[in-house]
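Overview (structure and organization)
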2 protein chains.
Amino acid sequence: MFSKACIYAIQATIYLAQQSGERGGKPYTPVAEIAQALGIPFQFLKKIIQTLAEKGLLLTQRSAKGGVALARTANTMTVLDVIAAIDGVEMFTTECILKFPGCGNEKPCPMHNHWAVERVRLQKMFQQTNLEEVAVNVSKGLTRLGMIEMKAT
Amino acid sequence: MFSKACIYAIQATIYLAQQSGERGGKPYTPVAEIAQALGIPFQFLKKIIQTLAEKGLLLTQRSAKGGVALARTANTMTVLDVIAAIDGVEMFTTECILKFPGCGNEKPCPMHNHWAVERVRLQKMFQQTNLEEVAVNVSKGLTRLGMIEMKAT
DNA sequence: TATATTAAAGACAATATACTCTTTTATATC
DNA sequence: GATATAAAAGAGTATATTGTCTTTAATATA
């Protein structure tokens, strides 16, 4: 469904949302820390982070005590925003599940009418899920981010 | 969502369902004809067809007037059956959308509870769609298989 | 039985995705 | 202002997926 890059982007932004939620937390988190904490290849994550920064989702600071941070509050950033920045939203809007170029309501492929319904549901689901609520659930221990244990801070 | 191989498998089996639906049609369809008709790379399709045959979905006949055919009637073969043979059903059953190995109801990832709902819907959708109904719609001109025009026969 | 047709088999090539390494640049902190 | 920290930039490698080519084998048909 999603590329590895996109999956890592979602994980990293959730991690950053957690960081931003911590009282007295540092303003920036080094990419190396995120990669370490989530088990994501460091150099690969850096490129992904760069893309997210270019798309305006993250702020970067290169200096001592630098790193990256969410460009806006976690409750105004949705999982769909992150997906859109990396893999794009076409899969939820126009892309045919059989990858036929002209597929749409006028020229539907054999699966179009079924898929069009699910596609919209998926998009809504990711759009309605913001990084704050997700991060809070992780911090509460209700859900897990990767293989690491997350305890309330 | 699906690999190219899986997409081609779905297209090819729908094409074969159309063939089997035609009165007085030949029992077997050459892979070359399917590849030609649907614009699928011939040699690649042959391997995919082989896999489908190994999984029991298709019958093959190597000889003059040979080719491939559905192993059972089109109305008893679902799109999910085809997907299962190529990409597997894990994506609808156990696979985490963030690809976390241990993700499940006990140890849910941040998206698990949302995704688990959609996953099941998708599986049902593909399971409830059999090749006959799909092929009939294509033959009626209600839907299209690839870029080619399909007229009622 | 000879022949043409077509799938089977397996090596190989191209492309896309995932991942790494090295050098450079910015800047907060001391 | 010197230094250390950390991102930026870009070339390079590894792996998986997709696609091609050639040779072999089966068998229906004539």
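Residues numbered from 1 in each chain as written. Chains lettered and ligands numbered in written order. Predicted model: local features only at pLDDT ≥ 70, side-chain atom pairs only at ≥ 80, totals over all residues. Heavy atoms only, no water.

Residue and element names in this part refer to chain B. Under the counting rule described, the total for this entry stands at eight aromatic pairs over all chains. Measuring from ring centre to ring centre gives 6.5 Å for F2 and F92, while their planes differ by 70°; the resulting arrangement is edge-to-face. With F2 in the segment before α1 (4–21) and F92 in helix α5 (residues 90–93), this residue pair connects regions lying 90 residues apart in the sequence. By relative accessible area, F2 is classed as buried at 7%. Residue classification places F92 among the buried residues on the basis of a relative accessible area of 1%. Where Y8 meets F44, the ring centres are 5.8 Å apart and the plane angle is 85°; that geometry is what we call edge-to-face. Of the two residues, Y8 sits in helix α1 while F44 sits in helix α3 (residues 42–54), which places them 36 residues apart along the sequence. (Phe/Tyr/Trp six-rings, centres within 6.5 Å; stacked < 30°, edge-to-face > 60°. Helix = DSSP H or I, 4+ residues; strand = E, 2+ residues; numbered from the N terminus. Buried < 20%, exposed > 50% of the residue type's maximum accessible area, 1.4 Å probe, protein only.)

All right, on to the protein's contact with DNA strand D then. The environment of DNA strand D is formed by 23 residues, the closest being V31 and K47 of chain A together with K4, Q43 and F44 of chain B. The share of sugar and phosphate among atoms of DNA strand D within 4 Å of the protein is 68%. Separating a phosphate oxygen of DNA strand D from a side-chain N or O atom of Q50 of chain A is a distance of 3.2 Å. Side-chain polar atom of Q43 of chain B to a base nitrogen of DNA strand D: 2.9 Å apart, as the coordinates give it. Mapped onto the surface near DNA strand D, the elements with two or more residues apiece are α3 (42–54) and β1 (58–61) of chain A together with α1 and α3 of chain B. (Near = heavy atom within 4 Å. Polar contact = N/O pair within 3.5 Å; in protein donor to acceptor, adjacent residues only side chain to side chain.)

As a structural note, the neighbourhood of DNA strand C is formed by 24 residues, with K4 and Q43 of chain A together with V31, K47 and R62 of chain B the closest of them. Contact between DNA strand C and S63 of chain B: a sugar or linking oxygen at 3.1 Å from a main-chain N or O atom of the residue. Elements that contribute at least two residues to the surface near DNA strand C include exactly α1 (4–21) and α3 of chain A together with α3 and β1 (58–61) of chain B. Taken together, the residues that form the surface near DNA strand C break down as seven nonpolar, 11 polar and six charged. (Nonpolar A, V, L, I, M, F, W, Y, C, P; charged D, E, K, R; others polar.)

So, about helix α6 (residues 112–127) of chain A. Think of an α-helix as 3.6 residues a turn; residues three or four steps apart then line up on the same face. When the terminal C-alpha atoms of α6 of chain A are compared, their 22 Å separation across 16 residues agrees well with the 22 Å that a helix rising 1.5 Å per residue should span. Every buried residue of α6 of chain A is accounted for by H112, W115, A116, E118, R119, L122, Q123, M125 and F126 of chain A. Those residues of α6 of chain A hidden inside the fold are in contact with α4 (79–86) and α5 (90–93) of chain A together with α6 (112–127) of chain B. (Expected span 1.5 Å × (residues − 1). Contact = heavy atoms within 4.5 Å.)

Interfaces are frequently sized by the accessible area removed from exposure as the parts join. Of the residues lining the interface, 35 residues belong to chain B; the matching set on chain A comes to 35 residues. Summing both sides of the interface, chain B and chain A together bury roughly 3,300 Å²; the carbon and sulfur share of this comes to 74%. Applying the counting rule to chain B against chain A returns two salt bridges. On inspection of chain B and its partner chain A, the count reaches four residue pairs in polar contact (both at pLDDT 80 or more). Put simply, the parts of the chain that give the side of chain B that touches chain A at least two residues each are α1, α6 and α7 (131–139) of chain B. With eight residues, the top contributor of residues to the side of chain B that touches chain A is α6 of chain B. Its residues assigned to classes, the side of chain B that touches chain A shows 24 nonpolar, six polar and five charged. (Buried area = accessible area lost by both parts, 1.4 Å probe. Salt bridge = Lys/Arg side-chain N within 4 Å of Asp/Glu carboxyl O.)

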